[in-house]
Amino acid sequence: MEIHETPTAEAGMLIRRPVADVFEAIVDPAITTKFWFTHGSDRLDSGKEIHWEWRMYGVSTTVTVSEIVPNEKIVMQWSDPPTTVVWTLTEMPGGTTFLEVRNFGFAGSPDEQVKQAIDSTGGFALVLAGAKAWLEQGLTLGLTGDRHPKGLPGH
């Protein structure tokens, strides 16, 4: 099998909240910790390096923000080796927002890149579902923490 396009993770979700609220949920760690990581060192902003942690897994990453267009787009690099994550917010009728995320630039063999893109797609789908639940209903679902429970064979 040959790969003709660079493997890219893609996920999207309609969130029934105004675009400014959804944008704030991504850039403000006090909100993002309700549905994704457990600790963020600072708000996302252009040129900043931020430290995010998932303490339940003992994992962390440095996030470097390369571009922010308020209420429209966030471009960042993270992981090691680094990949690019692009968040796109589209204002929709009725005070709703379509939030899309793309993650690309995976390293390794073609098979490894495909596996990383699939894993990232699944992860970001959970992040968007968690964001939707928090922003629309005030519910913390614990999706990220429950994705890889301790004691599960092979994890």
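Conventions and cut-offs
- Residues numbered from 1 in each chain as written.
- Predicted model: local features only at pLDDT ≥ 70, side-chain atom pairs only at ≥ 80, totals over all residues.
- Heavy atoms only, no water.
- Helix = DSSP H or I, 4+ residues; strand = E, 2+ residues; numbered from the N terminus.
- Contact = heavy atoms within 4.5 Å.
- Phe/Tyr/Trp six-rings, centres within 6.5 Å; stacked < 30°, edge-to-face > 60°.
- Buried < 20%, exposed > 50% of the residue type's maximum accessible area, 1.4 Å probe, protein only.
- Core = buried A, V, L, I, M, F, W, Y, C linked by side-chain atoms within 4.5 Å.

(A) Structural context of the side chain of T84. Within the secondary structure, T84 is located in strand β6 (residues 83–92). When residues no more than four places from it in sequence are discounted, the contact partners of T84 are V75, M76, Q77, R102, N103 and F104.

(B) Inspection of the packing of aromatic side chains at higher detail. As enumerated under the stated definition, the model contains 13 aromatic pairs in all. On the basis of an interplanar angle of 25 degrees and a centroid distance of 4.5 Å, the ring pair of F37 and W52 is categorised as stacked. With F37 in the loop between α2 (29–32) and β2 (39–40) and W52 in strand β3 (residues 49–54), this pair connects stretches of sequence that are 15 residues apart. No difference in accessibility class separates F37 from W52, as the two residues are buried. Taken together through their ring pairs, the aromatic side chains of W36, F37, W52, W54, W78, W87 and F124 make up a single cluster.

(C) Up close: the nonpolar core. With 31 residues, the main nonpolar core has W36, L44, W52, W78, W87 and F124 as its most contacted residues. Among the elements of the structure, β1 (8–15), α1 (19–27), β3, β4 (59–69), β5 (73–78), β6, β7 (96–104) and α3 (110–137) are those that each provide at least two residues to this core. When residues in this core are grouped by element, the largest group, six residues, is from α1. Not counting residues within four places of it along the chain, the set of residues in contact with F124 comprises A11, W36, W78, V85, W87, V101 and N103.

(D) Summary view of the environment of D45. The residue D45 is located in the loop between β2 and β3 in this model. A sequence separation of 53 residues divides D45 from F98, and the C-alpha atoms of the two residues are 21 Å apart. Once you skip the residues sitting within four places of it in the chain, D45 turns out to touch V65 and I68.

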